[in-house]
Amino acid sequence: MHLLIYAGPGPWRDEALATAAQFAGQVATSVTLVTGGGIRNATLLDDAVARLGLPRDVAVQRRVVEGTPQDAILTIAGEAVYDLVIFGRFQRPLERLLPLRRSDALTRRLRTAVLRVSGPARPIRRILLASGGDQHTFATAGYAAQLATPLGASITLLHVVSQQPVVFEALASPASDEATFLDSGTPEAVTLRQVAADLRERAIAVTTRIRFGLVLDEILAELHEGDYDILAVGTHHAAGPLDRMLLEDLTGDLLDRCPRTVLVARRIARD
């Protein structure tokens, strides 16, 4: 994997580097470290190299950019193709309560997968993958598997059967309990079974969970009750206002409210 890691100043810098250090040396073929704020922050990149403990055969590039951390990340991400961009949350806890502040702005603008680190650094042992039950789940599972495999982490596939249907959505499944839903022939159930089978072929321990209720609330409840280390979600670059409203708002809300590190997978057709 080609990793881009923000290693400049920020409220969650230490946590981001500690999280990346768990897997970067095992999955990375190259690592680009970037900082904003100009040359005065260049020494932070040397410090990051020491913290990551990368093998000698992993190519490391250091990039110093003027401007904000967000500007620095967007600038370097636009110069090459990266498999994963890693950075710590740039908002402090109280800032998230301010009106019109959204913590997902940078993630929305990046056209690649993102690992947004938040909360105390913790060993990655359990990953919760929130699935809409569609084909995007395969892409999200692929990214989650690249973290889970070297760390021996398990993945729980979670699908929430919404109790608040969208006007564009087909009629909800009559299944009212977890076992009945998973055994059904609905497209969502079929997808979950296929993804679980694919992950097990990679020797990853997999559990599937079905919850019923409001999607955002149920994902956060499962995250808390299961004490997961990472939340993995899927999204894609919105094609227009309606697409953005229906498909990206949930990801944005999760990034705002999730107290854990969030992996945002994105499948985009490249030119």
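Below is a short write-up of the structure. From a predicted model like this one, the values you see are computed outputs, not experimental measurements.

Rules of the game
Residues numbered from 1 in each chain as written. Predicted model: local features only at pLDDT ≥ 70, side-chain atom pairs only at ≥ 80, totals over all residues. Heavy atoms only, no water. Helix = DSSP H or I, 4+ residues; strand = E, 2+ residues; numbered from the N terminus. Buried < 20%, exposed > 50% of the residue type's maximum accessible area, 1.4 Å probe, protein only. Contact = heavy atoms within 4.5 Å. Areas by Shrake-Rupley, 256 points an atom, 1.4 Å probe, with all protein chains shown as cover. Pairing = 2+ DSSP bridges. Salt bridge = Lys/Arg side-chain N within 4 Å of Asp/Glu carboxyl O. Axes fitted to C-alpha atoms, helices over the stretch in contact; angles between N-to-C directions. Polar contact = N/O pair within 3.5 Å; in protein donor to acceptor, adjacent residues only side chain to side chain. Phe/Tyr/Trp six-rings, centres within 6.5 Å; stacked < 30°, edge-to-face > 60°. Parallel < 35°, antiparallel > 145°, perpendicular 65-115°, else oblique. Left-handed = near helix turned anticlockwise from the far one by under 90°.

### Looking at the overall build of the protein
Each helix and strand in the protein was counted, giving eleven helices and ten strands. Buried positions account for 51% of the 271 residues belonging to the protein. By sequence separation, contacts in the protein at least 24 residues apart represent 81% of the contacts at least 6 residues apart. When the accessible area of the protein is evaluated, it comes to approximately 12,900 Å², of which 54% is carbon and sulfur surface.

### Section: the pairing of strand S5 (residues 113–117)
Across the five residues of S5, five count as buried, placing the element largely inside the fold. Summarising the sheet, strand S4 (residues 84–88) and S5 pair through five bridges and their orientation is parallel. Pairing of Gly 88 across the sheet is with Val 117, part of S5.

### Notes on unusual backbone geometry
Unlike most non-glycine residues, Ala 203 shows phi in positive territory, near 65°. Within the element layout of this structure, Ala 203 appears in the loop between helix H8 (187–201) and strand S8 (206–213). Judged by its relative accessible area of 71%, Ala 203 is exposed. Residues other than glycine seldom take positive phi values, yet Asp 227 does so here, at roughly 50°. Relative to the assigned elements, Asp 227 resides in the loop between helix H9 (215–226) and strand S9 (230–235).

### Observations concerning the pattern of salt bridges
Under the defined criterion, the tally for this structure stands at 15 salt bridges. Note that Arg 209 is salt-bridged to Glu 222, the shortest N-O span being 3.2 Å. Of this pair, Arg 209 sits in strand S8 while Glu 222 sits in helix H9, and the two are 13 residues apart along the sequence. In this structure Arg 209 comes out as partly exposed when scored by relative accessible area, which is 25%. For Glu 225, the salt bridge identified is with Arg 211, shortest N-O distance 3.1 Å.

### A few points about the sheet that holds strand S7 (residues 154–162)
Judged by pairing direction, the sheet is mixed, and its ten strands sit side by side in the order S3-S2-S1-S4-S5-S10-S9-S6-S7-S8 without closing on themselves. Since the sheet does not close on itself, it has two edges, and those belong to strand S3 (59–64) and S8, each with one partner. Neighbour to neighbour, the strand axes of the sheet diverge by 20° on average, direction disregarded. Taken together, the six bridges between S9 and strand S10 (residues 261–266) define a ladder with parallel strand orientation. Residue Val 233 lies in a different strand from S10, and its bridge partner there is Val 264. Strands strand S6 (126–131), S7 and S8 of the sheet are contacted by H8, whose axis makes an angle of about 175° with S7.

### Remarks on the side chain of Thr 186
With respect to the helices, strands and loops of the structure, Thr 186 is situated in the loop between helix H7 (178–182) and H8. Here Ser 184 takes part through its side chain, which lies 3.2 Å from a polar atom of the side chain of Thr 186.

### Brief notes about the packing of aromatic side chains
Here the structure, examined in full by the defined rule, presents two aromatic pairs. Residues Tyr 6 and Phe 90 carry aromatic rings whose centres are separated by 5.5 Å and whose planes lie at 75° to one another, so their mutual orientation is edge-to-face. Here Tyr 6 is found in strand S1 (residues 2–6), whereas its partner Phe 90 is found in the loop between S4 and helix H5 (105–109), with 84 residues between them in sequence. Taking relative accessible area as the criterion, Tyr 6 reaches 4% and is therefore assigned buried. On the basis of an interplanar angle of 10° and a centroid distance of 5.6 Å, the ring pair of Phe 87 and Phe 90 is categorised as stacked.

### Considerations on the packing of helix H1 (residues 13–21) against helix H3 (residues 42–52)
Contact pair H1 / H3: the axes reach a minimum separation of 9 Å and the direction vectors enclose 40°. With respect to H3, the element H1 is oriented oblique. Helix-helix and strand crossings are classified by hand; for H1 and H3 the assignment is right-handed. Contacts from Arg 13, Asp 14, Leu 17, Ala 20 and Ala 21 of H1 reach H3 at Leu 44, Asp 47, Ala 48, Arg 51 and Leu 52.

### Focus: the side chain of Ser 184
By secondary structure assignment, the location of Ser 184 is in the loop between H7 and H8. Classification of Ser 184 as buried rests on a relative accessible area of 16%. Within the structure, Ser 184 has its side chain in polar contact with the backbone oxygen of Phe 181 (distance 2.6 Å).

### Here we look at the environment of His 2
The topology assignment puts His 2 in strand S1. Separated by 78 residues in the primary sequence, His 2 and Ala 80 place their C-alpha atoms 9.6 Å from one another. Excluding residues within four positions of it along the chain, His 2 makes contact with Thr 29, Ser 30, Val 81, Tyr 82, Asp 83 and Leu 84. A polar contact is formed between the side chain of His 2 and the side chain of Thr 29, at a distance of 3.5 Å.

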